[in-house]
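# Secondary and tertiary structure notes
What follows is each chain in one-letter form.
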Amino acid sequence: MFGPFRITNSLSGGLLWKIPWRLSPTQKYRQRKRLRAVDQVVETLSNALAKKGETLKSLERWKAEMPTEAQMLPRDKYTMFDRKAKRYRKGIHKLPKWTRVSQRLNPPGF
Amino acid sequence: MSYFRITLHRSAIGLPKRTRGVLAALGLHRRGQLVFHPVSAQFAGMIMKVKELVKVEEVDRPLTKREVHEQRRPDPGFWVESVGSFERQRQHLEGGKGGEAGAEGEVRL
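Residues numbered from 1 in each chain as written. Chains lettered and ligands numbered in written order. Predicted model: local features only at pLDDT ≥ 70, side-chain atom pairs only at ≥ 80, totals over all residues. Heavy atoms only, no water.

## Points about helix α2 (residues 25-52) of chain A
Compared with the 40 Å implied by 1.5 Å per residue over 28 residues, the 41 Å span of α2 of chain A between its first and last C-alpha is a close match. Taken together, the buried positions of α2 of chain A are occupied by Gln31, Leu35, Val38, Asp39, Val41, Val42, Thr44, Leu45, Ser46, Ala48 and Leu49 of chain A. Residues of α2 of chain A that are buried sit in contact with α3 (57-65) and α4 (74-78) of chain A together with β1 (3-8), α2 (41-49) and β3 (54-59) of chain B. Two residues or fewer past α2 of chain A, glycine 53 of chain A is found with a positive phi of approximately 75°. (Helix = DSSP H or I, 4+ residues; strand = E, 2+ residues; numbered from the N terminus. Expected span 1.5 Å × (residues − 1). Buried < 20%, exposed > 50% of the residue type's maximum accessible area, 1.4 Å probe, protein only. Contact = heavy atoms within 4.5 Å.)

And the structure:
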């Protein structure tokens, strides 16, 4: 049962793909928290620059294009477009480094 | 003049070289590190590049290293009372009107 030769799925078989197909409720909660944290940073930057009367192209573009956490659909918060997946969606946790990159939009038409 | 108070919250391990370069340019080398930069479009652009990794606040002035250290110091849980300081405080409050009496009291201590 224990020890180096115990039978586990990954030891007795070859490759085992054990990333679950969907996020757990706590993962979803933390994902929302991270989305809000990014929104918070963008808001801080925009307020600070507005006080000084300066503008920033990347900031303006982000504000124009990206939805905030509250505006996003659950579908976009927890899944993303994948051209190879059935029905063109896969869990966002399949994205490499998904907790540290922004993925909010879909390609046009999806 | 206001400043961005930037804390590196998430590590940049495994992220592109450019992202790590931006962090290095901001002076952030380890997680939890705190730096201050003046509010300007230039620094805002750099923060935009690493917005998923940092926590940002706008503050009036940058804290010195010592002040940051003092803020991080935990509450010792005790304080030392001394009779002398208590007496001095009392006489300071009383001796507002009678200058000489207060001076005498201080000599006695």
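## Topic: the interface of chain B and chain A
Contacts between the two partners involve 21 residues from chain B and, on the opposite side, 21 residues from chain A. In total, chain B and chain A occlude about 1,700 Å² of area from one another, counting both sides; carbon and sulfur atoms represent 67% of this. When the area that chain B buries against chain A is broken down by residue, the three leading residues are Met48, Lys51 and Glu52 of chain B, summing to 31%. Run the count over chain B and chain A and you get 1 salt bridge. Residue lysine 51 of chain A pairs with glutamate 58 of chain B through a salt bridge whose shortest N-O separation is 3.1 Å. Joining chain B to chain A, the criterion identifies 7 residue pairs in polar contact (both at pLDDT 80 or more). Top contributing element to the side of chain B that touches chain A by residue count: α2 of chain B, with 5 residues. In terms of residue class, the side of chain B that touches chain A is made up of 12 nonpolar, 4 polar and 5 charged. (Buried area = accessible area lost by both parts, 1.4 Å probe. Salt bridge = Lys/Arg side-chain N within 4 Å of Asp/Glu carboxyl O. Polar contact = N/O pair within 3.5 Å; in protein donor to acceptor, adjacent residues only side chain to side chain. Nonpolar A, V, L, I, M, F, W, Y, C, P; charged D, E, K, R; others polar.)

## Looking at the sheet that holds strand β2 (residues 34-38) of chain B
Residues and elements named next belong to chain B. The 3 strands are arranged β2-β1-β3 in an open sheet whose pairing can be described as antiparallel. The open sheet has two edge strands, β2 and β3, and neither has a second partner. Averaged over all neighbouring strand pairs, the angle between strand axes comes to 25°, with direction disregarded. By the bridge criterion, 5 bridges tie β1 to β2 in an arrangement that is antiparallel. (Pairing = 2+ DSSP bridges. Axes fitted to C-alpha atoms, helices over the stretch in contact; angles between N-to-C directions.)

Just distances and angles here, no functional claims.
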